[in-house]
Amino acid sequence: MYSLLHKEESAHDESIWACSWGRIKVNNELESAERDDDNSVDSTASFRDFIVTGGLDDRVKVWDVTSDNKLKLRNTFTGHSLGVVSVDVSSDGEVIASSSLDSGLCVWKAETGQLLNQIALGPVDLWTVAFSPCDKYIISGSHEGKISLYGVETGKAEQVLDPQNGKFTLSIAYSPDGKYIASGAIDGIINIFDVAAGKVAQTLEGHAMSVRSLCFSPDSQMLLTASDDGHMKLYDVANSDVVGTLSGHSSWVLSVSFSGDGRSFTSSSSDKSVKIWNVAERQCLHTFNDHQDQVWGVKYSPDSSKVISVSEDRSVNLYDCPPNVS
């Protein structure tokens, strides 16, 4: 049922810390065939899936997912001067955002690699990045816990959300309904901002250690968090209630991602494993042990059928994860 479809060895020259899925509409079969002379990409599909990875080799790479579930390198973007720690793709698949230890935010045209915007910020003022649901903004958190919304076209900070006395922001997520932004800090505190009101709506003392990753469910009703304390928590966003605490990793939980149907989520850890979880039953469905080092990033595909993971071992793994029907 669950299986490793493909392992791309030495995908980057150094550790890979970030990954994201993209999905772009293919206008016609000819356009798709022109992009791939050997026709390995499924030219009959109305949408084409691709993967973006970011590594400590300063590179952002774009990989097409072929019809036989292989990864084919399409483009390599160079523009960062220190390791790439976060990447995201706009919902229409046309724009890629990446952030780096050089405190730079780069905005790229996904198809061509054209650098649309490059935003230079102060030291450690940038860690994770994410697109807003409307693709109009890119959000990022600072070492003071402030959340900035940058215009994709302008490259300027359009809005700043301040939690007051915040700590270094390690993780960030925008709710699919556009109402909330959640951030996880190095001290284990989770802030949920009301975007329209421009202020913190809820503060959750969720974890004993750093919150490495968080994400909203597709319906925006739940927030999933992951921490160095080895635990994951599910929150009811409306009531700020913990509805589940999940344990199973033997070390830091570095990344979490909901499936597109909201029935499952995946997690990765410094214990070298990737796990698939049932949301309703709060149970682990499967564990992959195919990496040789800590797994920094994990992400569900848009159609909820596959999972991608990236690791300190410089490999990119593609897994078959059939939708959870229970």
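Whatever comes next refers back to the structure up there.
Residues numbered from 1 in each chain as written. Predicted model: local features only at pLDDT ≥ 70, side-chain atom pairs only at ≥ 80, totals over all residues. Heavy atoms only, no water.

Asks: Hey, could you run me through the sheet that holds strand S11 (residues 137-141) in this one?
Replies: Backbone-to-backbone hydrogen bonds pair the strands of a sheet. The strands run either parallel or antiparallel. Sheet architecture is open: four strands sit in the order S10-S11-S12-S13, paired in antiparallel fashion. Single-partner strands in this sheet number two, and they are strand S10 (129-131) and strand S13 (157-161). The sheet shows a mean angle of 20 degrees between the axes of neighbouring strands, taken without regard to direction. Relative to S13, strand S12 (residues 147-151) is paired through four bridges, and the arrangement is antiparallel. Bridge pairing links Leu149 to Gln159 in S13. (Pairing = 2+ DSSP bridges. Helix = DSSP H or I, 4+ residues; strand = E, 2+ residues; numbered from the N terminus. Axes fitted to C-alpha atoms, helices over the stretch in contact; angles between N-to-C directions.)

Asks: I tried to follow the packing of aromatic side chains on my own but got confused; where do I start?
Replies: Any two aromatic rings considered together are summarised by their centre-to-centre distance and by the angle between their planes. For the structure on display, the rule yields eight aromatic pairs. Arranged with centres 4.4 Å apart and planes meeting at 35 degrees, the rings of Trp17 and Trp296 form a pair that is tilted. Placement of Trp17 in strand S2 (residues 16-25) and of Trp296 in strand S26 (residues 295-300) is noted, with a sequence separation of 279 residues between them. Judged on exposure class, the residue Trp17 and its partner Trp296 are both buried. (Phe/Tyr/Trp six-rings, centres within 6.5 Å; stacked < 30°, edge-to-face > 60°. Buried < 20%, exposed > 50% of the residue type's maximum accessible area, 1.4 Å probe, protein only.)

Asks: What's the story with the sheet that holds strand S8 (residues 104-109) in this structure? I'm lost.
Replies: Taking strand neighbours across the sheet as the criterion, the four strands line up as S6-S7-S8-S9 in an open arrangement whose pairing is antiparallel. Bordering the open sheet on either side are strand S6 (84-89) and strand S9 (115-120), each of which pairs with just one other strand. Geometrically, the sheet is characterised by an average inter-axis angle of 15 degrees between neighbouring strands, direction not taken into account. Across five bridges, the pairing between S8 and S9 is antiparallel. Within the sheet, the bridge partner assigned to Val107 lies in S9 and is Asn117.

Asks: Whenever I open this one, the pairing of S2 confuses me. Can you help?
Replies: Consecutive side chains of a regular strand alternate in pointing toward one face of the sheet and then the other. With eight of ten residues buried, S2 is to be regarded as a mostly interior element. Summarising the sheet, S2 and strand S3 (residues 47-55) pair through nine bridges and their orientation is antiparallel. Counterpart to Ile16 in the pairing with S3 is Gly55.

Asks: Which parts of the structure should I look at to understand the environment of Asp187?
Replies: Along the chain, Asp187 turns up in the loop between strand S15 (180-185) and strand S16 (189-194). For Asp187, a relative accessible area of 34% gives the class partly exposed. Distance in space between the C-alpha atoms of Asp187 and Cys106 is 28 Å, their sequence separation being 81 residues. Those residues in contact with Asp187, other than ones at most four positions away along the chain, are Lys167, His207 and Met209. A distance of 3.2 Å separates the side chain of Asp187 from the backbone nitrogen of Ile189, its partner in a polar contact. (Contact = heavy atoms within 4.5 Å. Polar contact = N/O pair within 3.5 Å; in protein donor to acceptor, adjacent residues only side chain to side chain.)

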